[in-house]
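# Residue-level structure breakdown
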Amino acid sequence: MTSLTERAEQHVNGTTPAAPAPVYTAPTAGEPLPVFDFEDNPDYPMPELVPVHVAWLRVRHDVRSVAKTDQHKEKNRDTGREYVKYNFRGIEAALNAFGPATLRHGINIFAVDMTTSYRDTTSSRNSKMREATIVTTWQIMGPMGDSLPLLKSAGESLDSGDKGTAKAQSLALRALLFNTGMIPTGDPEPEAAHVERGEEKVRTATDYRDEIVDPKTSPGRLEQISYELKAARMLHVKVQNENGDEETLDALGMRHYQERTAPKGGAS
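The text that follows walks through the structure, step by step, so that each part is easy to find. (Residues numbered from 1 in each chain as written. Predicted model: local features only at pLDDT ≥ 70, side-chain atom pairs only at ≥ 80, totals over all residues. Heavy atoms only, no water.)

One finds W56, V59, V63, F98 and I107 to be the most contacted residues of the largest nonpolar core, which totals 21 residues. Of all the secondary structure elements, the ones that give two or more residues to this core are α2 (52-62), α3 (91-104), β4 (128-141) and α4 (164-181). Here this core gets 5 residues from one element, more than from any other, and that element is α4. Sequence-distant contacts of W56, that is, excluding residues within four places in its chain, are made with F98, T102, I107, I109, I140, L148, T180 and G181. (Core = buried A, V, L, I, M, F, W, Y, C linked by side-chain atoms within 4.5 Å. Buried < 20%, exposed > 50% of the residue type's maximum accessible area, 1.4 Å probe, protein only. Helix = DSSP H or I, 4+ residues; strand = E, 2+ residues; numbered from the N terminus. Contact = heavy atoms within 4.5 Å.)

Okay, structure coming up:
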């Protein structure tokens, strides 16, 4: 077999034409699958031939943690301003972390069975939605061809179009990678802080009025107060504002929010 170095020298010296790029053709029925020659393909280093449980352990060693960097955003219905509702780890974060590590250690992951169920439902705004639930059975195969016991994970999604199945499949794969890999988020330990449970203080309209008119209250906090007032059904409760006039908490909060988010200064 001619080595890569010998082929390069022959090509430089003009003794042999450059070989065309190989074209893959599917084998015919009964024909053995072609063997990939790693020695002739230095860009694809051969992973070490170890049992699958060792290779998977090495993948876990490489993927130490994946932080919750993706953000789910929603809009405030009253102000139209977008805010972050919560952070999460998405499928792209999972693939970016596990893709290179599984390739490096010769791990292949296959979906070998899938059970699906669907139902029609509606969103909180009465939009028609389609719920997709998928339970997928996975095979994790190592570089020697052996496999871990078959594993299952589930994914669920809501979609108004035709993407529900794909979303649920992605969620099932994300669950497999993070749960089987036991990958932490890097967030603080939930029990690191100890808080004594006590009776929650019920806030009055005056309490909210005082916080709204306080110039130290940020616009973000004013948005949060709006949600709290809505949940407590206090938006239309009238209070005495900073000018001595009666004003609803909703109008009071909106006025101060607009004042604090207005551009500073004006055109000269």
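Summed over the entire model, instances satisfying the criterion amount to 2 aromatic pairs. Three or more aromatic residues joined by ring pairs form one cluster here, namely W56, F98 and F178. The ring of F178 is capped by R89, whose NZ or CZ atom sits 3.9 Å from the centre of that ring. Here the guanidinium or amino end of R203 rests over the ring plane of Y208, the centre of that ring lying 4.4 Å away. (Phe/Tyr/Trp six-rings, centres within 6.5 Å; stacked < 30°, edge-to-face > 60°. Lys NZ or Arg CZ within 6 Å of the ring centre and 35° of its normal.)

A few words on the sheet that holds strand β5 (residues 151-159). Pairing within the open sheet is antiparallel, and its 3 strands lie in the order β3-β4-β5. Each of the sheet's edge strands pairs with one partner strand only, and the pair in question is β3 (108-122) and β5. Averaged over all pairs of adjacent strands, the angle between their axes in this sheet comes to 20 degrees, without regard to strand direction. Two elements, β3 and β4, share 14 bridges in a ladder whose sense is antiparallel. For F110, the partnering residue across the bridge sits in β4 and is Q139. In this fold α4 packs onto β3, β4 and β5, with an angle of close to 140 degrees to the strand it touches most, β5. (Pairing = 2+ DSSP bridges. Axes fitted to C-alpha atoms, helices over the stretch in contact; angles between N-to-C directions.)

We now examine a nonpolar patch on the surface. Taken together, the side chains of M46, L49 and M144 present a nonpolar region at the surface, about 310 Å² in accessible area. With respect to the element layout, M46 can be found in the loop between α1 (4-13) and α2. A residue is classified by how much of its surface remains accessible, and M46, at 43% relative accessible area, is partly exposed. (Patch = residues over 30% accessible without salt bridge, like charges linked within 9 Å, V, L, I, M, F, W, Y side chains within 5 Å. Areas by Shrake-Rupley, 256 points an atom, 1.4 Å probe, with all protein chains shown as cover. Salt bridge = Lys/Arg side-chain N within 4 Å of Asp/Glu carboxyl O.)

Further remarks concern the pattern of salt bridges. As enumerated under the stated definition, the model contains 13 salt bridges in all. A salt bridge links R130 to D120; its shortest N-O distance comes to 3.0 Å. Of the two residues, R130 sits in strand β4 while D120 sits in strand β3, which places them 10 residues apart along the sequence. A salt bridge links R255 to E247; the shortest N-O distance between them is 2.9 Å. Of the residues examined, E247 reaches a relative accessible area of 15% and is grouped as buried. Shared partners join several salt bridges into a network, and the residues in it are R203, E211, R221 and E228.

So, on to the side chain of T217. In this structure, T217 sits in the loop between α5 (205-213) and α6 (219-231). Looking at T217, its side chain comes within polar contact range of the main-chain oxygen of E211, at 2.5 Å. Beyond its immediate stretch of four places on either side in the chain, T217 contacts E211, L222, I225 and R260. (Polar contact = N/O pair within 3.5 Å; in protein donor to acceptor, adjacent residues only side chain to side chain.)

Now for α2. Along α2, the residues that are buried comprise V52, A55, W56 and V59. Down the axis of α2, the buried set is contained in an arc of 100 degrees. They therefore lie on one face. Across from the buried face of α2, at angles greater than 90 degrees, the exposed residues are H53 and L57. (Arc of directions from axis to C-beta.)

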